[in-house]
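Below, each chain spelled out in residue letters.
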Amino acid sequence: MRSSINLSRESKADKRHGQILRQLQEKEKVRVSELSEQLDVTEETIRRDLEILEEQKQLIRVRGGAIPRQVEGFETPSLEREKKFLDEKKAMAKEAVKLVNEGEIIALDASTTSLQLAKALEDKPLTVITNSIHASIELAKKKAITVMLTGGYLRQESMSLVGFSSDKMINDYHIDTFFMSCTAVDSEWGVSDSHEMQAQTKKRIAELSEKIVLLVDHSKLEQKSLVRWLPLENIHTLITSASPSQQDLTPYKLKNLHTISVSKN
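Quick caveat: nothing in here was measured; it's all calculated off a predicted structure.

Enquirer: Lay out the pattern of salt bridges in plain terms, naming residues and giving numbers.
Expert: According to the stated counting rule, one finds 10 salt bridges in the structure shown. A salt bridge links Asp-109 to Lys-202; the nearest nitrogen and oxygen atoms lie 3.4 Å apart. A residue pair is termed long-range when its members are at least 10 positions apart, and Asp-109 in the loop between strand S4 (105-108) and helix H6 (112-120) and Lys-202 in helix H9 (residues 196-207) qualify at 93 residues. Both residues of the pair, Asp-109 and Lys-202, count as buried. Between Lys-255 and Glu-188 there is a salt bridge, and its shortest N-O distance comes to 3.9 Å. Taken together, the residues span a long stretch of sequence, with Lys-255 in the loop between helix H10 (250-254) and strand S15 (258-261) and Glu-188 in the loop between strand S10 (184-186) and strand S11 (190-193) at a distance of 67 residues.

Enquirer: So, the nonpolar core: which residues are in play, and what are the values?
Expert: Among the nonpolar cores identified, the biggest contains 27 residues, and Val-185, Val-191, Leu-214 and Leu-221 are the most heavily contacted of them. At the level of elements, strand S9 (175-180), H9, strand S12 (209-216) and strand S13 (227-230) are the ones that each hand at least two residues to this core. Not counting the four nearest positions on each side in its chain, Val-185 is found in contact with Gly-190, Val-191, Leu-214, Val-216, Lys-220, Leu-221, Glu-222, Gln-223, Leu-232 and Tyr-252. The next biggest cluster of nonpolar side chains, apart from the first, holds 22 residues, and it includes Met-92, Ala-93, Leu-139 and Val-262.

Enquirer: So, the packing of helix H2 (residues 32-39) against helix H3 (residues 43-55): which residues are in play, and what are the values?
Expert: Running from N to C, H2 and H3 cross one another at 110 degrees; their axes reach a closest spacing of 9 Å. Our classification of the angle between H2 and H3 gives roughly perpendicular. Classified by chirality, the crossing of H3 by H2 is right-handed. Across the interface between the two elements, Val-32, Ser-33, Leu-35, Ser-36 and Leu-39 of H2 pack against Glu-43, Ile-46, Arg-47 and Leu-50 of H3. Its residues placed into classes, the contact of H2 with H3 shows five nonpolar, two polar and two charged.

Enquirer: Account for the sheet that holds strand S1 (residues 30-31), naming residues and giving values.
Expert: With antiparallel pairing, the three strands of this open sheet are ordered in space as S1-S3-S2. Where the open sheet ends on each side, the last strands, each with one partner, are S1 and strand S2 (59-62). Pairing between S2 and strand S3 (residues 65-68): four bridges, direction antiparallel. The partner of Arg-61 across the bridge, within S3, is Ala-66. Its contacts with the sheet put H3 on S2 and S3, and the angle it makes with S2 is roughly 135 degrees.

Enquirer: Quick one: what's the story with the packing of helix H5 (residues 86-97) against H6, residue by residue and with numbers?
Expert: In helix packing, the relevant descriptors are the interaxial angle and the interaxial distance, both defined with respect to the helix axes. Two elements in contact, H5 and H6, have axes whose closest approach is 8 Å; the angle formed by their N-to-C orientations is 55 degrees. Comparing their axes, H6 and H5 come out oblique. Between H5 and H6 lies a crossing of right-handed hand. Across from Leu-86, Lys-89, Lys-90, Met-92, Ala-93, Ala-96 and Val-97 in H5, the residues of H6 making contact are Thr-112, Thr-113, Gln-116, Leu-117 and Ala-120. Its residues assigned to classes, the contact of H5 with H6 comprises seven nonpolar, three polar and two charged.

Enquirer: Account for the pairing of strand S14 (residues 237-240), with residues named and values stated.
Expert: Where burial is concerned, the two faces of S14 agree: the one with Thr-237 and Ile-239 and the one with Leu-238 and Thr-240 are both buried. Bridge count for S12 against S14 is four bridges, and the pairing is parallel. Across the sheet, the residue bridging to Val-216 is Thr-240, located in S14.

Enquirer: Report on the pairing of S11, specifying residues and quantitative values.
Expert: Strand residues, when the strand is regular, have side chains that alternate between the two faces of the sheet. Here S10 pairs with S11 via three bridges, running antiparallel. Bridge pairing in S11 links Ala-184 to Ser-192. Taking the residues between adjacent antiparallel strands as the criterion, S10 and S11 are bridged by three residues. Across three bridges, the pairing between S11 and S13 is antiparallel. Residue pairing in the sheet places Ser-192 in a bridge with Arg-228 of S13.

Enquirer: Give a detailed account of the sheet that holds strand S5 (residues 126-130), specifying residues and quantitative values.
Expert: In space, the seven strands of this open sheet follow the order S6-S5-S4-S9-S12-S14-S15, with parallel pairing throughout. Either end of the sheet is taken by a strand with one partner, and the two such strands are strand S6 (145-149) and S15. Neighbour-to-neighbour, the strand axes of this sheet turn through a mean angle of 20 degrees, independent of strand direction. Here S5 runs beside S6; their pairing, made up of five bridges, is parallel. Following the sheet pairing, Leu-126 is matched in S6 by Ile-145.

Enquirer: Explain H9 to me, using residue names and the numbers behind them.
Expert: Side chains of residues three or four places apart in an α-helix project in the same direction, reflecting 3.6 residues per turn. Relative to the 16 Å expected for 12 residues at 1.5 Å per residue, H9 spans 16 Å between its end C-alpha atoms, a close match to the ideal helical length. Burial in H9 covers these residues: Gln-198, Ala-199, Thr-201, Lys-202, Arg-204, Ile-205 and Ala-206.

Basis of the calculations
Note on numbering: residues in each chain are counted from 1, in written sequence order. Where totals are concerned, whole chains, interfaces and linings use all residues; where local detail is concerned, this predicted model gives features only for residues with pLDDT of at least 70, and gives and counts side-chain atom pairs only at 80 or more. The side-chain figures draw on all heavy atoms in the structure; neither hydrogens nor water molecules are used. Salt bridges, as used here, are contacts in which a Lys or Arg side-chain nitrogen is within 4 Å of a carboxyl oxygen on Asp or Glu. Numbered from the N terminus, helices here are DSSP runs of H or I no shorter than four residues, and strands are runs of E no shorter than two. Think of it in three bands: with a 1.4 Å probe and only protein chains considered, a residue is buried below 20% of the maximum accessible area for its type, exposed above 50%, and partly exposed in between. Residues belong to one nonpolar core when they are buried, are Ala, Val, Leu, Ile, Met, Phe, Trp, Tyr or Cys, and are joined through side-chain atoms within 4.5 Å. Residues are treated as being in contact if the distance between any of their heavy atoms lies within 4.5 Å. Orientation is described by axes fitted as lines to C-alpha atoms, over the contacting stretch for helices, and by angles from 0 to 180 degrees between their N-to-C directions. Roughly parallel here means an angle under 35 degrees, roughly antiparallel means over 145, roughly perpendicular means 65 to 115, and every remaining angle is called oblique. In this scheme the handedness of a crossing depends on how the near helix is turned from the far one: anticlockwise by less than a right angle means left-handed, clockwise means right-handed. In the scheme used here, Gly and all other residues not listed as nonpolar or charged are polar, with Ala, Val, Leu, Ile, Met, Phe, Trp, Tyr, Cys and Pro taken as nonpolar and Asp, Glu, Lys and Arg as charged. By definition, two strands form a pair when at least two bridges between them are found by DSSP. Any helix carries an expected span of 1.5 Å times its number of residues minus one.

In structure tokens, the structure reads:
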């Protein structure tokens, strides 16, 4: 029989775990330093708590804290995502357009950030490969742009085409630049997304591309999601809404990643 001391310790730990999980329901991220102060325990204790909760698949540990664990296959509906940080997405798209040259073959993923890029593109000779239904509709308004859809089956949440047939169709394409976003990016862990098949399609496009330009708003930096699929070394340029003075950009600059910061329109 376990001693009353051990039971007391477990009870305290369980209580802390419950408090941590309740905070995660209310916030996008919890921090070790803040939890340590709030729960009146050492930061080392909090790190052990987070490690246990991650093993139980209750959360995902990230640098300095933890984020809620996303269920595989779940994506926030595209219309809901499109409204979030909209001004920042427009500003990043405006900057990304400067990297597109006439006559190039580019690819856009099915992110709402790439949708803003599709809207911002000039009507000039280009070939655009995409698995985004929304982006293809926007690009269809521009007569000089040739639009190629990847094929595959439709994911209604993101209005994107994914699956084996999508990957197979683009297998022999050459792409100059792949403009994409993601669920999260971490300077050590790399690029990750919440849906495995979505990540697989983007991975195949990335493999066919000469350059990859990642567009992410400030909230996605130093975060992790379910499926890690691209190392940071494969990215040519990072366009973000994070301020150059923010600590968030330091780990990326230390890896010699070309970073561009934009402000909201």
